[in-house]
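Close look at the chain arrangement
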Amino acid sequence: MRVITGTAKGRRLQTLEGEDVRPTTDRIKEAVFSIIQFETEGRVFLDLFAGSGQMGIEALSRGAESAYFVDNSKKSVMTVKQNLKTTHFEDRAKVFQMDFRSFLSANSKSFDIVFLDPPYKTGALQESLELVANAVKDTGVIIAENPLDEEILSQYGDFVLDRQYRYGKIKITTFRNKDFL
């Protein structure tokens, strides 16, 4: 896995091994950043369920002001920190080893872009969408990655379903504030 473009283009990132992880494919990563290509620079990115941190690191490489990485797994957090060191983005990143509920309830920061890719079919996506809607700026975007057969609502707080994109068995859904569509 590598950084696709930007200041860290081509840098190899560490990945996590095992059955519990499912890294976002390069195809999906490219698609996500194509969707938000003009919205990344100078923005604050939240990589919830960060895993290796590749999505937040890609955002930093493309000019995001800062990125927050949240994952419950100690192994994931260590991998994120190593990848931040490899890409020299430590100074623009904050890493939290905690449950998404705890992070979102304690958080006072507003984010411009939120990427959600929780474990599939556990209810974590629906719950995190509900909670994260309060942590996104009105002009921001929430991006969810999930399998085609996992249902999500069309509205969470003031954020409504904007678009859905299908990539094989995966779909990417964007939510935007209903007042800014």
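Notes on the structure follow. (Residues numbered from 1 in each chain as written. Predicted model: local features only at pLDDT ≥ 70, side-chain atom pairs only at ≥ 80, totals over all residues. Heavy atoms only, no water.)

When their charged atoms lie close together, side chains carrying opposite charge are able to pair. Under the defined criterion, the tally for this structure stands at 10 salt bridges. E127 is paired through a salt bridge with R101; the nearest N and O atoms lie 2.6 Å apart. Of the two residues, E127 sits in helix α5 (residues 124–132) while R101 sits in helix α4 (residues 100–106), which places them 26 residues apart along the sequence. We classify R101 as partly exposed; its relative accessible area is 37%. We note a salt bridge from D158 to K178, for which the minimum N-O separation is 3.0 Å. Taken as a pair, D158 in the loop between β6 (155–156) and β7 (159–167) and K178 in the segment after β8 (170–177) lie far apart in primary sequence, 20 residues in all. For D158, a relative accessible area of 39% translates into the label partly exposed. (Salt bridge = Lys/Arg side-chain N within 4 Å of Asp/Glu carboxyl O. Helix = DSSP H or I, 4+ residues; strand = E, 2+ residues; numbered from the N terminus. Buried < 20%, exposed > 50% of the residue type's maximum accessible area, 1.4 Å probe, protein only.)

Another point: the sheet that holds β8. Spatially, the 8 strands line up as an open sheet ordered β3-β2-β1-β4-β5-β8-β7-β6, and their pairing is mixed. The outermost strands of the open sheet, each flanked by one partner alone, are β3 (93–97) and β6. Of the strand pairs in this sheet, strand β4 (residues 111–116) and strand β5 (residues 136–147) are connected by 5 bridges, and their pairing is parallel. Counterpart to I113 in the pairing with β5 is V141. (Pairing = 2+ DSSP bridges.)

Right, let's get into the pairing of β5. Working note: regular strand, side chains alternate between the two faces of the sheet. Taken across its 12 residues, β5 has 9 buried, putting it largely inside the fold. What joins β4 to β5 is α5, and the crossover it makes is right-handed. As defined by bridge partners, β5 adjoins β8 across 7 bridges and the pair is classed as antiparallel. Opposite I143, over in β8, you have T174 as the bridge partner. (Right-handed = clockwise from strand over helix to strand, strands pointing away.)

Along the chain, the position of N177 falls in strand β8. A relative accessible area of 1% places N177 in the buried class. Side-chain polar atoms of N177 contact the backbone nitrogen of D179, separated by 2.8 Å. Setting aside residues up to four positions removed in sequence, N177 forms contacts with D138, G140, D158 and F159. (Polar contact = N/O pair within 3.5 Å; in protein donor to acceptor, adjacent residues only side chain to side chain. Contact = heavy atoms within 4.5 Å.)

In this section: the nonpolar core. Grouped together as the largest cluster of nonpolar side chains are 28 residues, with contacts concentrated most on V32, F45, L60, F69, L84 and I143. At the level of secondary structure, the elements contributing two or more residues to this core comprise α1 (26–35), α2 (54–61), β2 (66–71), α3 (74–87), β4, β5 and β8. With near-sequence residues (within four places) excluded, F45 lies in contact with F33, I36, M55, G56, A59, S66, A67, Y68, F111, I113 and F115. Core analysis: the second largest hydrophobic core is formed by 25 residues, L104, A124, A144 and F159 among them. (Core = buried A, V, L, I, M, F, W, Y, C linked by side-chain atoms within 4.5 Å.)

This brings us to unusual backbone geometry. Non-glycine residue F49 carries a positive phi angle of around 60 degrees. Among the secondary structure elements, F49 is positioned in the loop between β1 (44–48) and α2. The phi dihedral of K121 falls on the positive side, at around 55 degrees, and the residue is not glycine. Mapped onto the elements of the fold, K121 is located in the loop between β4 and α5.

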